[in-house]
Amino acid sequence: MPTPIQIGPLTLASPVLMAPMTGISDLPFRRLVARFGAGLIFSEMIASPQLLAETAKTRRQARFDAASRPWAVQLAGTEPAVLAEAARYVVDRGADLVDLNFGCPAKLVVGKAAGSALMRDEALAGRILEAVVQAVPVPVTLKMRLGWDDHSRNVATIARIAEEAGIRMLTVHGRTRCQLFKGAADWAAVAEVKAAVGLPVVVNGDITDAATAARALALSGADGVMVGRGACGRPWLLDRIRRALDGAGEPAEPTPDEMLAIVLEHHAAMLEHYGHDLGLRHARKHLAWYLAALPGGAGLARRVNQLDDAAAVVATLREIYATAAETEPALAA
Ligand SMILES: Cc1cc2nc3c(=O)[nH]c(=O)nc-3n(C[C@H](O)[C@H](O)[C@H](O)COP(=O)(O)O)c2cc1C
């Protein structure tokens, strides 16, 4: 088990962190992951100009929740002054930590010179990091990729610039921007970052269980791991990984009855957060991920996700999991 990660005044209880994921890491999901135990849980990336314009979407994304602290808010943008203002905005509303996104590969984001495009402009990257660190009293962290492409893997250079600017923790997704999500995450490449700075470093990419977490830690020498897609439909995964890294043995996967309780809690929270119609739509991807653990999961997801009434969804989920409890009392991990 690595030594606890210290980020300014925050000591993380677990070295297993939940990744920021747009469209996934909303308040209902973060609350659920927090309940199962995670070192730190990041918000979805919030675009700074829209945050300051207080659009309905960003107001919802920046809703403070006392139940899932520390509240780590990830910001995206390209203007140092706007990002600094956005950081003040979320800290005024309770954020315990601000994370900056230098990793997003999406065309819409890099087209605005934000996300991973910032790794191509080290001078601007430095100005952003300094502006945000100086703007807020809470720790500022940075999430990035290995670089833009294989010819410009400058993550260690940016890491040094970040340390100089006062950044308190670095997360590195072991792919370049141009790789998008293709190929395998290069955990060993993160060792270069660990060697370059004295900051806590978190390794990210393709970590889906205790074995991949242990291997990523060993190859990178990182202080912690960050899990993204692996926790979709399995919000309890991070705690399982932590326990295994602790040597305590992985707990069993939830039974169908336990899983039903989690799915219903998540679904109800989505309806509350987004309202009935939008909540129902946003919940569908989560239901598909949960149901994938059951035999014939894809067909079950199609059945439940064509319903447009919450009460019908709940009744169908109860029926599905009751059948699973009879036929599959212990679901495969
Ligand atoms: C649907 C989706 C949305 C994502 N949104 C964000 C985001 O808002 N901010 C960010 O820094 N990374 C985002 N990522 C990247 C993840 O945080 C993570 O770096 C990546 O998925 C690799 O980790 P994994 O293999 O554990 O999923 C997103 C990834 C996915 C699949």
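The structure we're discussing is the one just above.
Okay, so let's go over this structure. (Residues numbered from 1 in each chain as written. Predicted model: local features only at pLDDT ≥ 70, side-chain atom pairs only at ≥ 80, totals over all residues. Heavy atoms only, no water.)

### Comments concerning the pairing of strand β10 (residues 224-227)
Phase 1 of the analysis: Side-chain alternation along β10 places Gly224 and Met226 on one buried face and Val225 and Val227 on a second face that is also buried.
Phase 2 of the analysis: In terms of strand pairing, strand β3 (residues 16-18) meets β10 through three bridges, oriented parallel. By the bridge assignment for β10, Val16 is matched with Val225.
Phase 3 of the analysis: In the sheet, strand β9 (residues 201-204) pairs with β10 via three bridges, with the strands oriented parallel. Note on β10: the bridge partner recorded for Asn204 is Met226. (Buried < 20%, exposed > 50% of the residue type's maximum accessible area, 1.4 Å probe, protein only. Helix = DSSP H or I, 4+ residues; strand = E, 2+ residues; numbered from the N terminus. Pairing = 2+ DSSP bridges.)

### Thoughts on the pattern of salt bridges
Phase 1 of the analysis: Here the structure, examined in full by the defined rule, presents 17 salt bridges.
Phase 2 of the analysis: Measuring nitrogen to oxygen at the nearest pair gives 2.4 Å for the salt bridge that ties Arg35 to Glu265. Of this pair, Arg35 sits in helix α1 (residues 27-36) while Glu265 sits in helix α11 (residues 256-274), and the two are 230 residues apart along the sequence.
Phase 3 of the analysis: When its relative accessible area of 36% is taken as the criterion, Glu265 is described as partly exposed.
Phase 4 of the analysis: Connected through shared salt-bridge partners, Asp239, Arg242, Arg243 and Asp246 make up one network. (Salt bridge = Lys/Arg side-chain N within 4 Å of Asp/Glu carboxyl O.)

### What about helix α6 (residues 122-135)?
Phase 1 of the analysis: For α6, spanning 14 residues, the distance from its first C-alpha to its last is 20 Å, which sits close to the expected 20 Å at 1.5 Å a residue.
Phase 2 of the analysis: Here α6 has its buried residues at Leu124, Ala125, Gly126, Ile128, Leu129, Val132 and Ala135.
Phase 3 of the analysis: In this fold, the buried residues of α6 make contact with α4 (80-92), β6 (97-102), β7 (140-144) and α7 (155-165). (Expected span 1.5 Å × (residues − 1). Contact = heavy atoms within 4.5 Å.)

### Observations concerning unusual backbone geometry
Phase 1 of the analysis: Of note in the backbone geometry, Leu180 takes a positive phi value of approximately 50° without being a glycine.
Phase 2 of the analysis: Judged by its relative accessible area of 33%, Leu180 is partly exposed.
Phase 3 of the analysis: In this model, Asp206 sits at a positive phi of 65°, which is unusual for a non-glycine residue.
Phase 4 of the analysis: Here Asp206 shows up in the loop between β9 and α9 (210-220).

### Considering the packing of aromatic side chains
Phase 1 of the analysis: With the rule as written, the count across this model stands at two aromatic pairs.
Phase 2 of the analysis: Taking 6.3 Å as the distance between ring centres and 70° as the angle between the ring planes, the aromatic pair formed by Phe36 and Trp236 counts as edge-to-face. Within this pair, whereas Phe36 is found in helix α1, its partner Trp236 is found in the loop between β10 and α10 (237-245), the two being separated by 200 residues in sequence.
Phase 3 of the analysis: Relative accessible area serves as the criterion here: at 22%, Phe36 is assigned to the partly exposed category.
Phase 4 of the analysis: The interplanar angle of 65° and the centroid separation of 5.4 Å between the aromatic rings of Phe64 and Trp71 together place this pair among those described as edge-to-face.
Phase 5 of the analysis: Since its relative accessible area comes to 34%, Phe64 is described here as partly exposed.
Phase 6 of the analysis: A relative accessible area of 2% places Trp71 in the buried class.
Phase 7 of the analysis: One Lys or Arg, Arg35, reaches over the ring of Phe36 and ends 5.2 Å from the middle of that ring.
Phase 8 of the analysis: When the ring centre of Trp148 is taken as origin, the NZ or CZ atom of Arg120, which lies over that ring, is 4.0 Å away. (Phe/Tyr/Trp six-rings, centres within 6.5 Å; stacked < 30°, edge-to-face > 60°. Lys NZ or Arg CZ within 6 Å of the ring centre and 35° of its normal.)

### Digging into the site of the ligand
Phase 1 of the analysis: Close contacts around the ligand come from 17 residues, with Thr22, Gln74, Asn204, Asp206 and Arg229 the closest.
Phase 2 of the analysis: With respect to the ligand, the backbone of Pro20 contributes an N or O atom lying 2.8 Å from an oxygen atom.
Phase 3 of the analysis: Asn204 is positioned such that a nitrogen or oxygen atom in its side chain is 2.5 Å from an oxygen atom of the ligand.
Phase 4 of the analysis: In isolation the ligand offers 610 Å² of accessible surface; the protein chains occlude 86% of this area.
Phase 5 of the analysis: Here the residues of the shell around the ligand sort into seven nonpolar, seven polar and three charged. (Near = heavy atom within 4 Å. Polar contact = N/O pair within 3.5 Å; in protein donor to acceptor, adjacent residues only side chain to side chain. Areas by Shrake-Rupley, 256 points an atom, 1.4 Å probe, with all protein chains shown as cover. Nonpolar A, V, L, I, M, F, W, Y, C, P; charged D, E, K, R; others polar.)

### Some thoughts on the pairing of strand β8 (residues 169-173)
Phase 1 of the analysis: Counting buried residues along β8, five of its five residues qualify, which places the element largely inside the surrounding structure.
Phase 2 of the analysis: Because side chains alternate across β8, one face comprises the buried residues Met169, Thr171 and His173, and the other comprises Leu170 and Val172, equally buried.
Phase 3 of the analysis: When β7 meets β8, the two strands line up parallel, connected through four bridges. Pairing of Thr141 across the sheet is with Met169, part of β8.
Phase 4 of the analysis: Crossover connection from β7 via α7 to parallel β8: handedness right-handed.
Phase 5 of the analysis: Two strands pair when backbone bridges link them, and β8 and β9 are joined in this way by four bridges, in the parallel orientation. In the strand pairing of β9, Thr171 is matched with Val202.
Phase 6 of the analysis: The β-α-β motif built from β8, the intervening helix α8 (residues 190-196) and the parallel element β9 has right-handed crossover chirality. (Right-handed = clockwise from strand over helix to strand, strands pointing away.)

### Regarding the packing of helix α12 (residues 276-291) against helix α14 (residues 310-327)
Phase 1 of the analysis: At a minimum axis distance of 11 Å, the contact between α12 and α14 shows a crossing angle of 15°. If you check the angle between α12 and α14, you find them roughly parallel. In this structure, α12 meets α14 at a crossing whose hand is left-handed. Residue-level inspection shows His276, Leu280, Leu287, Tyr290 and Leu291 of α12 in contact with α14, the latter providing Ala310, Val313, Leu317, Ile320 and Tyr321. (Axes fitted to C-alpha atoms, helices over the stretch in contact; angles between N-to-C directions. Parallel < 35°, antiparallel > 145°, perpendicular 65-115°, else oblique. Left-handed = near helix turned anticlockwise from the far one by under 90°.)

Purely spatial values, then, with no claim about function.
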